[in-house]
Amino acid sequence: MKPPDAVKNETGRKSRTKGVSVTDEIFYCVPTKEYLLKNESGRWLSLNDGGFKRWLRSKGYRSRPAEGESISAAEAVMLHIQDHRDVDFAGAVAGKCLGFHAENGTRFLVTSEAELVEPANGDWRTVQAFIDGLFYGDDSDQSDTQVAVFHGWMRAAYASLCEGKHSHGQALVLCGVAGSGKSCIQDIILSPMLGGRAGKAARFMMGATPFNSDLCGKEHLVLDDEFMSTNMSARLQLGANLKQMCVGTNLVSIHAKNRNAVNLRLWWRVSISVNDDPEAMLVLPPLDDHVADKLILLRCHRFNHPMPMTTPEDKARFAEQVKSELPAYAWWLLNEFRLPDSLQNDRYGVASFHHPELVEALHGLSPQAHMLKLVDQVLFTFGETEWRGTAEEVKRKLLADDGTRREAERLLGWSAAAGTYLSRLAKRPDGRVTQTRTMHSREWIIKAPLIRNEDDPF
């Protein structure tokens, strides 16, 4: 990764304190009170006062003051570094190149960076077979779209990371049966293409912990249903975090335990893998207007893998083969792939596609769908074709009925719940709920559910 022109590394100069040469490759981290320098292997090393003083002695600097001096040569070096080479944070920072940076009023040292796949023209047939197999199903039109959207999302993210530019990007949701390969593609294609650094982000993104420093240096944030919660507050927290990550300023409060938080701009992409059974899908945030365009929902299928996948040795060979083909896949994305016009998007680079079957499944799990089932139990018991009234009247009727009271109390526990859910239902294509206004209030028209005649073939 090359540093952007606006952020230059502070290297290449030498300072002199009382005749002592101090290279610019040494920094002092104020919060941890440690000195940072590269070891013989070229990796950044953190040393406390004693350790750094020993290092200086090994380089020939006196650790005791000479006659007539108040401090030693080693201490003079240490003070100079504290005065001129101080940083507020040191560590890996997602999307940032190695070296010193200063932005948003924060001085920080990046000690490791992403390892980008170098594009090279070649054969990527195994990668192609894996991607095609995962996203092709019975519906060829949707399958073609899914594959194009995946490549479009991958290209936008990879190009942005290579260029060192912050950009918006949706969370990629991979939903399918267990064993389909949705977690595998996160591990052996998404993570390497996104810099080779991945972090498990479910606890932080769903509000289970305020500490996120472990994610600071990971470009790829991975979530899976094994570690996610179906609690509504956690799902709403996930939706809020996704909104900030996808369309926010990329400014993130990085907080480690027992440390003051620092605000840095990070480059993150999120992928989520969930099984397609109802209980597993309940970990996803409600698909409302605030979240819908921040997600891409792709349906994954079981398929015959292009290589044997029975034993651990088979899986390791497959992963190595995929790794060897990623440079060719990267080259194809940058030079040959063309996203259809209908799937292009100025903000994200690719449209926020949602597989229709997944949308319907998520709707069936939503609180508004649950409320509509309760409404049907109460309002359409004697053959009525429609009902008209306010959201407050809907709420009162559900709370007054013995059969729906308990569930309604839980579902409509906040004041605007009924109106919010009716608004969402009014946006559904089935037309069951519509809105109208009178001079004094906003009313809702709810049509009775259609009763299908089992003898009618249509």
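Residues numbered from 1 in each chain as written. Predicted model: local features only at pLDDT ≥ 70, side-chain atom pairs only at ≥ 80, totals over all residues. Heavy atoms only, no water.

Draft legend 1. Here's a closer look at the pairing of strand E17 (residues 386–389). Side chains of E17 alternate between two faces, with Trp387 and Gly389 buried and Glu386 and Arg388 left unburied. Note: E17 against strand E19 (residues 442–447), four bridges, orientation antiparallel. Residue pairing in the sheet places tryptophan 387 in a bridge with isoleucine 446 of E19. (Buried < 20%, exposed > 50% of the residue type's maximum accessible area, 1.4 Å probe, protein only. Helix = DSSP H or I, 4+ residues; strand = E, 2+ residues; numbered from the N terminus. Pairing = 2+ DSSP bridges.)

Draft legend 2. Layout of unusual backbone geometry. You will see that lysine 33, though not glycine, has its phi angle at about 55 degrees, which is positive. For lysine 33, the position within the fold is in the loop between strand E3 (27–29) and strand E4 (34–38). According to the relative accessible area criterion, lysine 33 is exposed, its value standing at 55%. One non-glycine residue with positive phi stands out, namely asparagine 104, at about 55 degrees.

Draft legend 3. Geometry of the sheet that holds strand E8 (residues 99–103). As summarised here, the arrangement of the three strands in space is E7-E9-E8, forming an open sheet in which the pairing is mixed. For this open sheet the edge positions go to strand E7 (89–91) and E8, each flanked by a neighbour on one side alone. Within this sheet the neighbouring strands show an average axis-to-axis angle of 20 degrees, counted without direction. (Axes fitted to C-alpha atoms, helices over the stretch in contact; angles between N-to-C directions.)

Draft legend 4. Focus on the sheet that holds strand E15 (residues 269–275). The strand order E11-E12-E15-E10-E16 describes an open sheet built from five strands, whose pairing is parallel. Of all strands in the sheet, those bounded by a partner on one side alone are strand E11 (198–200) and strand E16 (295–300). Each strand of the sheet is rotated relative to its neighbour by a mean of 25 degrees, with strand direction disregarded. Both E11 and strand E12 (residues 220–224) contribute to a ladder of three bridges, which runs parallel. Across the sheet, residue lysine 200 finds its bridge partner in E12, namely valine 222. Relative to the sheet, helix H5 (residues 182–193) contacts strand E10 (171–176), E11, E12, E15 and E16, its axis offset from that of E15 by approximately 160 degrees. Packing against the sheet, helix H7 (residues 232–247) makes contact with E10, E12, E15 and E16, and its axis sits at approximately 145 degrees to E15. (Contact = heavy atoms within 4.5 Å.)

Draft legend 5. Layout of the packing of aromatic side chains. Here the structure, examined in full by the defined rule, presents 13 aromatic pairs. Summarising the aromatic geometry, the rings of phenylalanine 27 and phenylalanine 100 are spaced 6.0 Å apart at their centres and angled 5 degrees between planes, so their arrangement reads as stacked. One end of the pair, phenylalanine 27, is in strand E3; the other, phenylalanine 100, is in strand E8, and 73 residues separate them in sequence. Centre to centre, the rings of phenylalanine 52 and tryptophan 55 are 5.7 Å apart; their planes meet at 10 degrees, and the pair counts as stacked. One end of the pair is phenylalanine 52 and the other is tryptophan 55, both in helix H1 (residues 49–58) and three residues apart, which spans about a single turn. Judged by its relative accessible area of 25%, tryptophan 55 is partly exposed. Three or more aromatic residues link up through ring pairs in this structure, and these residues are Tyr28, Tyr35, Phe52 and Trp55. (Phe/Tyr/Trp six-rings, centres within 6.5 Å; stacked < 30°, edge-to-face > 60°.)

Draft legend 6. Region of the structure containing the packing of helix H11 (residues 367–379) against helix H14 (residues 417–426). Put simply, H11 and H14 touch, their axes get as near as 9 Å, and they point 100 degrees apart. With respect to their mutual orientation, H11 and H14 come out roughly perpendicular. When H11 is examined against H14, the residues Pro367, Gln368, Ala369, Met371 and Leu372 are found in contact with a partner set consisting of Ala418, Tyr421, Leu422, Arg424 and Leu425. The residue makeup of the contact of H11 with H14, split by class, is eight nonpolar, one polar and one charged. (Parallel < 35°, antiparallel > 145°, perpendicular 65-115°, else oblique. Nonpolar A, V, L, I, M, F, W, Y, C, P; charged D, E, K, R; others polar.)

Draft legend 7. Seen up close, the packing of helix H3 (residues 125–135) against H5. At a minimum axis distance of 11 Å, the contact between H3 and H5 shows a crossing angle of 150 degrees. In terms of orientation, H3 lies roughly antiparallel with respect to H5. Of the two possible hands of crossing, H3 and H5 adopt the one that is left-handed. Taken together, the residues of H5 that come into contact with H3 (itself represented by Val127, Phe130, Ile131, Leu134 and Phe135) are Lys182, Cys184, Ile185, Ile188 and Ile189. Grouping the amino acids of the contact of H3 with H5 by side-chain chemistry returns nine nonpolar, no polar and one charged. (Left-handed = near helix turned anticlockwise from the far one by under 90°.)

Draft legend 8. Just the layout of surface pockets, in detail. Of the volumes computed, that of the largest pocket is approximately 440 Å³. Taken together, 21 residues form the lining of the largest pocket, with Leu287, Asp288, Asp289, Gln368 and Arg424 sitting closest to its centre. When residues of the lining of the largest pocket are traced back to their parent elements, those giving at least two are helix H10 (356–364) and H14. Here the residues of the lining of the largest pocket sort into eight nonpolar, seven polar and six charged. (1 Å grid on protein atoms, 1.4 Å probe; cavity = no way out; pocket = protein on both sides within 12 Å on 5 of 7 lines; lining within 4 Å. Points joined across faces, edges and corners; volume = space filled by probe spheres on them.)

Draft legend 9. Representation of the side chain of glutamine 186 in the model. Residue placement: glutamine 186 occurs in helix H5. Leave out the neighbours within four places in its chain, and glutamine 186 touches Leu174, Ser191, His220, Val222, Leu223, Ser271, Ile272 and Ser273.

Draft legend 10. Broad picture of the side chain of glutamate 219. With respect to the element layout, glutamate 219 can be found in the loop between helix H6 (202–205) and E12. Among the polar contacts listed, one links the side chain of glutamate 219 to the backbone nitrogen of glycine 95, at a separation of 2.9 Å. Those residues in contact with glutamate 219 that sit more than four places away from it in its chain are Val93, Ala94, Gly95, Ala114, Leu161, Leu194, Arg197, Trp267, Trp268 and Arg269. (Polar contact = N/O pair within 3.5 Å; in protein donor to acceptor, adjacent residues only side chain to side chain.)

Draft legend 11. Up close: the state of the cysteines. This structure, assessed with the given rule, holds zero disulfides. Not engaged in a disulfide, the cysteine cysteine 184 finds its nearest cysteine sulfur in cysteine 300; these two sulfurs lie 11 Å apart. The cysteine cysteine 216 is free of any disulfide, with cysteine 29 supplying the nearest cysteine sulfur at 12 Å. (Disulfide = S-S within 2.5 Å.)

Draft legend 12. View of the nonpolar core. Of all hydrophobic cores here, the largest spans 42 residues; its most connected members are Phe135, Phe150, Ile185, Ile189, Met193, Leu298 and Tyr329. Elements that contribute at least two residues to this core include exactly H3, helix H4 (140–163), E10, H5, E16 and helix H9 (312–335). Tallying contributions element by element places H4 first for this core, with nine residues. Not counting the four nearest positions on each side in its chain, methionine 193 is found in contact with Val117, Met154, Tyr158, Leu161, Leu326, Tyr329, Ala330 and Leu333. In terms of nonpolar packing, the next biggest core, distinct from the first, is built from 39 residues, Val93, Ala171, Leu242 and Met281 among them. (Core = buried A, V, L, I, M, F, W, Y, C linked by side-chain atoms within 4.5 Å.)

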